[in-house]
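Commentary on secondary and tertiary structure
As a plain string of letters, each chain reads:
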Amino acid sequence: MPDFNPQDDTPASPYPQKNPLSTAKIVLIVLAAICCCGGVPVVGIIAAIAIPAYSDYSIRSNISDIQAALETEKVPLEAQFNQAKNCDINPSISNKNIESVTFSPIQNAESIEGCQITTSFNLPALKNTRLIYTLAAEDDGMAKWSCHIIAAPKQYKYFSPNCRNQADENMLENRTD
């Protein structure tokens, strides 16, 4: 049982009191050791990891914004295709990271079989990259969207998995080994 101190009416703690600055002192000692013993390489290593990771994050975020903007364009284009079997609609996308968006028909000799949205990017990391959404009628008569990209393999990581899978399949089909 802890001792009772009659002067302050509080029981004495069986545990020694900690100095509240002990954690801060340890942090300062560790930081001083890092700075004195080569803190520049440590900061350099951290920056070498953090800067590319942030760059990738930023590009993926921009692509997500672009894909969200394209989702709103898919609805009226699909309605136009289902009602009139054409792709005569003008894109109304406003996004600073989009260089161009085109809607075009996919046609054979007799009819239009679908529509395509082709997007190019206004991002230096995605120069010469195209994101293509294709709306095509299935055997059951329902229209279905698919996605693929035309890009260098190192740029696939920025796109959603369903687009990456299509790009990988296209690369395998077009290989000339």
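These numbers were taken from a predicted model, which means no experiment stands behind them. (Residues numbered from 1 in each chain as written. Predicted model: local features only at pLDDT ≥ 70, side-chain atom pairs only at ≥ 80, totals over all residues. Heavy atoms only, no water.)

Looking now at the overall build of the protein chain. When helices and strands are counted, the protein chain shows three helices and six strands. Sequence-ordered secondary structure for the protein chain, helices as α and strands as β, is β-β-α-α-β-β-β-β-α. Counting across all 177 residues of the protein chain, residues that qualify as buried make up 27%. Sequence-distant contacts, at least 24 apart, represent 38% of the contacts inside the protein chain between residues at least 6 apart. Approximately 12,400 Å² of the protein chain is accessible, and the part contributed by carbon and sulfur atoms is 57%. (Helix = DSSP H or I, 4+ residues; strand = E, 2+ residues; numbered from the N terminus. Buried < 20%, exposed > 50% of the residue type's maximum accessible area, 1.4 Å probe, protein only. Contact = heavy atoms within 4.5 Å. Areas by Shrake-Rupley, 256 points an atom, 1.4 Å probe, with all protein chains shown as cover.)

Here Asn128, not a glycine, exhibits a phi torsion of approximately 65°, which is positive. With respect to the helices, strands and loops of the structure, Asn128 is situated in the loop between strand 4 (112-121) and strand 5 (130-137).

A word on the state of the cysteines. Applying the stated criterion across every chain yields a total of two disulfides. The residue that forms a disulfide with Cys147 is Cys163, at a sulfur-sulfur distance of 1.7 Å. Across the S-S bond of Cys147 and Cys163 the torsion is about 95°, and the bridge reads as right-handed. One end of the pair, Cys147, is in strand 6 (residues 143-150); the other, Cys163, is in helix 3 (residues 161-173), and 16 residues separate them in sequence. Here the two residues Cys147 and Cys163 agree in accessibility, since each one is buried. Disulfides within the protein chain link the bonded cysteines, taken in sequence order, as 1-2, 3-4. (Disulfide = S-S within 2.5 Å.)

With respect to the helices and strands, Ser104 occurs in strand 3 (residues 98-107). Look past the residues within four positions of Ser104 in its chain and what remains in contact with it is Cys87, Gly114, Cys115 and Gln116.

Residue-level pLDDT values for the protein chain average 78, and 75% of them are 70 or greater. Taken element by element, the protein chain is modelled with least confidence in strand 1 (residues 4-5), mean pLDDT 53, and with most confidence in strand 5, mean pLDDT 89. Here residues 171-177 scores under 50 on pLDDT; set against residues more than four positions off or in separate chains, the count is two contacts. (pLDDT = per-residue confidence, 0-100.)

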